[in-house]
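# Structural characterization, general
This is what each chain is made of:
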Amino acid sequence: MTDFAFLSAHSFLKVPMGPQDRGARPFGLAGIAWDGSVTNRPGARMAPRAIREASHMLCDGTHPLFDVSPADLLCDLGDLPLPNTSLERMRAALVPQVSALLAQQRHMVWLGGDHSVTLPLLRAYRAHFGQPLGVLHFDAHCDTWEDHFGEPSGHGTWVYEAIQEGLVLPQAFAQIGIRSPGQREAREHVRDQGGLIWTARDLRGLENAVQLDTVIQTLRLRWASCGNPPLYLSFDIDALDPAFAPGTGTPEPGGLTTNQALTLIEELAGERWVGMDCVEVSPPYDHAELSSHAAASIVWTYLSGQAARHCVQP
């Protein structure tokens, strides 16, 4: 046996599988089929396959706002081969594979997997760019706990660890959608380190670009004041209310709408993004594939915005 049964076999947007010429296809996508760090419902290892299949509903992939399809610029590199029982072994195996893809100067999107994969991704990006990154983190949970239910690391500690390791610039770190139970020290950790937080409560009733303009402009100004560092987007699907994304390991009522998330990603497309991940989709708990379709649209919207930027560059 060489492959786990849950690894994906179909590509995102039905684009070519495997390595392609970087000049013709500067964007790449890869799955990280790992859920060994979940604290409630498992299944995120199945997400890369489900998100890819949901993306086939996007047909030719032309985005109605950006009027471009990322399909002609994208290749799908499949699911990265990883151990599936040890967090540290998974991370040790993941970093060199990510580093090799970044060395090709390919703009990557990563399909998780649970949120513990983001820490090794940031380690690879920090080494590649030689500087800490700015991060936009959509999530119901702050992920700033200092331990993982008695273990040193997991899917709820990666933000704390990334700040401690100097992988991210705290002042350029922003969280959107936070609402889960948590002690003040964890809940406010990012703000205490100089970053920004918009809770789901803060954003109630704000959906379109005009209503969200204060958030959008504040982020732009903050990143500019930090010297416009390379930016990374980490999207935990549980940032969305379970009405929009029930298929996740730790659902939290009172979350964002899909419209809110898409508006923010669309309006911020022109910033200095260098990569993104979409994590914590759990297909076994997904009703009518709502979560997989939301994840596919979020990834597609991000890629479309970046494709539009690529097409206008000289």
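Structure first, text after, so check above.
Residues numbered from 1 in each chain as written. Predicted model: local features only at pLDDT ≥ 70, side-chain atom pairs only at ≥ 80, totals over all residues. Heavy atoms only, no water.

## With respect to the packing of aromatic side chains
Operational definition: Note on aromatic contacts: the rings of Phe and Tyr and the six-membered ring of Trp form a pair at centre separations within 6.5 Å, being stacked when their planes are under 30 degrees apart, edge-to-face when over 60 apart, and tilted otherwise. Secondary structure elements are defined from DSSP: runs of H or I of at least 4 residues count as helices, runs of E of at least 2 residues count as strands, and each element is numbered from the N terminus. For every residue, the accessible area obtained with a 1.4 Å probe (protein chains only) is divided by the maximum for its type, and the residue is called buried under 20%, exposed over 50%, and partly exposed between those limits.
Taken as a whole and assessed by the stated rule, the structure comprises six aromatic pairs. Summarising the aromatic geometry, the rings of W223 and W273 are spaced 5.5 Å apart at their centres and angled 80° between planes, so their arrangement reads as edge-to-face. Taken as a pair, W223 in helix α7 (residues 213-225) and W273 in strand β8 (residues 273-279) lie far apart in primary sequence, 50 residues in all. Residue classification places W273 among the buried residues on the basis of a relative accessible area of 6%.

## Some points on the pairing of strand β4 (residues 133-138)
So the rule is basically this: At least two bridges found by DSSP between two strands are what make those strands a pair.
Taken across its six residues, β4 has six buried, putting it largely inside the fold. The alternating pattern of β4 places L133, V135 and H137 and G134, L136 and F138 on opposite faces, both of which are buried. Here β4 pairs with strand β5 (residues 168-178) via five bridges, running parallel. Each residue of the ladder has a partner; that of H137, found in β5, is Q175. Sheet topology places β4 next to strand β7 (residues 231-236); five bridges connect them, and they run parallel. Pairing of L136 across the sheet is with L233, part of β7.

## Thoughts on the sheet that holds β8
The condition that has to hold: Throughout, an axis means a line fitted to C-alpha atoms (over the contacting stretch in the case of helices), and angles, computed between N-to-C directions, take values from 0 to 180 degrees. Here, residues are in contact when the closest pair of their heavy atoms is within 4.5 Å.
Taken together, the eight strands give an open sheet; going across it, the order is β2-β1-β3-β8-β7-β4-β5-β6, and neighbouring strands pair in parallel fashion. Looking along the sheet, the strands with just one partner apiece sit at the ends: β2 (74-79) and β6 (196-199). Averaged over all pairs of adjacent strands, the angle between strand axes in this sheet comes to 15°, irrespective of strand direction. As paired elements, β5 and β6 share four bridges and run parallel to each other. Paired with I176 across the bridge in β6 is W198. Lying on the sheet, α7 is in contact with β4, β5, β6, β7 and β8; it crosses β6 at an angle near 165°.

## Some points on the environment of A288
Checked against the element boundaries, A288 lands in the loop between β8 and α9 (290-312). When the C-alpha positions of A288 and T263 are compared, they lie 23 Å apart, and in sequence the two are 25 residues distant.

## Quick look at the nonpolar core
Heads up, the rule is: By nonpolar core is meant a set of buried Ala, Val, Leu, Ile, Met, Phe, Trp, Tyr and Cys residues that side-chain atoms within 4.5 Å join together.
The biggest cluster of nonpolar side chains holds 57 residues, and the ones touching the most others in it are F12, L136, F138, I176, L219 and F235. It is α9 that provides the largest number of residues to this core, a total of ten residues. Other than its neighbours up to four places away in sequence, F138 contacts I176, L233, S234, F235, D236, A239, L256, A261 and L264. If you look at the next biggest cluster of nonpolar residues, it comprises 38 residues, including L87, C142, F173 and A186.

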